[in-house]
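Here is what each chain is made of, one letter per residue.
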Amino acid sequence: MKLEPHPWASDRAQLHAEIWKRLTRGVHDRHAPARHPTLATATVEGKPKARTVVLRAADKVTGTLDIHTDLWSAKVAELRANPFAALHIWDASAHLQLRIEGQITISAGQDVAKIWEAVPAASRLSYGSTPAPGAPIAQALDYTKTADAGSFVVLRLEIETIDAVHLGPHHRRARFDRCDQWTGTWLAP
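All of these numbers come straight from a predicted model, not from anything done at the bench.

**Thoughts on the overall build of the protein**
- A count of helical and extended segments in the protein gives four helices and 11 strands.
- Taken over the C-alpha trace, the protein has a radius of gyration of 18 Å; the compact-globule value for 189 residues is 16 Å, and the two agree within 12%.
- The 189 residues of the protein split such that 39% are buried.
- Taking contacts inside the protein between residues at least 6 apart in sequence as the whole, the part at least 24 apart equals 59%.
- For the protein, the exposed surface amounts to about 10,500 Å²; the carbon and sulfur share of it is 54%.
- Here the protein contributes 23 positive and 20 negative side-chain charges, whose respective centroids are spaced 3 Å apart.

The structure is reproduced here in structure tokens:
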């Protein structure tokens, strides 16, 4: 496989803009690599947990990403105990890996009522199952799904850092930090 250079990969400002272009595309295009990032958290015991989620919002101005989940999922309990998390995205077509770290805020109830109203009816069934997600069941289909606004949660990741690695004829790696207004620093790949 020959790796082709991407012009945006050699300039930090262009790379940062390309990252946000791809994150935003992930919100709106179900086939975009950023649509299904891997969310990593730590259990209460400190063990790593990773799972695929769906990116629901990306806001470059505020530096935030949103994920929807069920209130009773293990990730909510994990994030209540330790609000720090990471997202991982591999974009094969761009030869681009993104590792995004930050702190998550959990919002539910009236705080997310307007967002709930915009969730399609079929998707609402993802929020409210009996028993709770991850609970043991006797048979594979021994659960029920009911749309429950009370089980709907928005996880908002306030990005602290973005570590981007571009694989090309010459690999490039940059780190972008909120604390330096996203100017970025080149790192050895």
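**Some details on the packing of aromatic side chains**
- For the structure on display, the rule yields three aromatic pairs.
- The interplanar angle of 55 degrees and the centroid separation of 5.2 Å between the aromatic rings of Trp116 and Phe152 together place this pair among those described as tilted. With Trp116 in helix 3 (residues 113-118) and Phe152 in strand 9 (residues 152-166), the pair connects residues that are 36 residues apart, well separated along the chain.
- Centroid distance Tyr127 to Phe152: 5.0 Å. Interplanar angle 80 degrees. Geometry classified as edge-to-face. With Tyr127 in the loop between helix 4 (121-124) and strand 7 (129-130) and Phe152 in strand 9, this residue pair connects regions lying 25 residues apart in the sequence. When sorted by exposure, Tyr127 lands in the same class as Phe152, which is buried.
- An aromatic cluster is built from Trp116, Tyr127 and Phe152, whose rings are joined through pairwise contacts.

**Details of helix 1 (residues 12-28)**
- The terminal C-alpha atoms of helix 1, which comprises 17 residues, lie 25 Å apart, in line with the 24 Å expected from a rise of 1.5 Å per residue.
- Within the span of helix 1, buried status applies to Leu15, His16, Glu18, Ile19, Trp20, Arg22, Leu23, Gly26 and Val27.
- The opening residue of helix 1, the one whose side-chain oxygen lies 3.2 Å from the backbone nitrogen of Ala13, is Asp11.

**What to know about the pairing of strand 3 (residues 55-59)**
- As defined by bridge partners, strand 3 adjoins strand 4 (residues 64-70) across four bridges and the pair is classed as antiparallel. Considered in strand 4, the bridge of Leu55 is made with Ile67.

**Let's talk about unusual backbone geometry**
- The omega angle of the peptide bond from Thr130 to Pro131 is -5 degrees, so this bond is cis rather than trans.
- Note on placement: Pro131 falls in the loop between strand 7 and strand 8 (144-145).
- In this structure, Gln181 is a non-glycine residue whose phi angle is positive, near 55 degrees.
- Along the chain, the position of Gln181 falls in the loop between strand 10 (172-177) and strand 11 (185-187).
- Using a relative accessible area of 61% as the deciding quantity, one classes Gln181 as exposed.

**A closer look at the environment of Thr105**
- Along the chain, Thr105 turns up in strand 6 (residues 96-108).
- Taking C-alpha positions, Thr105 is 8.4 Å from Leu79, a pair spaced 26 residues apart along the chain.
- Excluding anything up to four places from it in sequence, Thr105 contacts Val154, Leu155 and Arg156.

Scoring rules and cut-offs
- Positions within a chain are numbered from 1, following the residues in the order the chain's sequence is written.
- Selection of residues for local features in this predicted model requires a pLDDT of at least 70, selection of side-chain atom pairs for listing and counting requires 80 or more, and totals for whole chains, interfaces and linings are taken over all residues.
- The basis for every side-chain value is the complete set of heavy atoms in the structure, and neither hydrogens nor water enter the calculation.
- We count a stretch as a helix when DSSP gives it H or I for four or more residues in a row; a strand needs E for two or more, and each element gets its number in order from the N terminus.
- Each radius of gyration is computed over the set of C-alpha atoms, and the globule rule expresses the reference value as 2.2 Å times the number of residues to the power 0.38.
- Burial classes follow relative accessibility: with a 1.4 Å probe on protein chains only, a residue under 20% of its type's maximum area counts as buried, one over 50% as exposed, and anything between as partly exposed.
- Any two residues having at least one pair of non-hydrogen atoms within 4.5 Å are treated as being in contact.
- Each accessible area value is a Shrake-Rupley result obtained with a 1.4 Å probe; residue values ignore everything except the protein chains displayed when judging cover.
- Counted charges follow a simple rule, with Lys and Arg positive, Asp and Glu negative, and His plus the chain ends left uncounted.
- By convention, the charge on Lys lies at NZ, on Arg at CZ, on Asp at CG and on Glu at CD.
- In this analysis, rings of Phe, Tyr and Trp, with Trp reduced to its six-membered ring, are considered paired at centre separations within 6.5 Å, and the interplanar angle assigns stacked below 30 degrees, edge-to-face beyond 60, and tilted for intermediate values.
- One less than the number of residues in a helix, times 1.5 Å, gives the span that helix is expected to have.
- Counted as a polar contact is a pair of N or O atoms within 3.5 Å, where, for protein atoms, one must be capable of donating a hydrogen and the other of accepting one, and residues adjacent in sequence contribute only when both atoms are in side chains.
- When DSSP finds two or more bridges between a pair of strands, those strands are recorded as paired.

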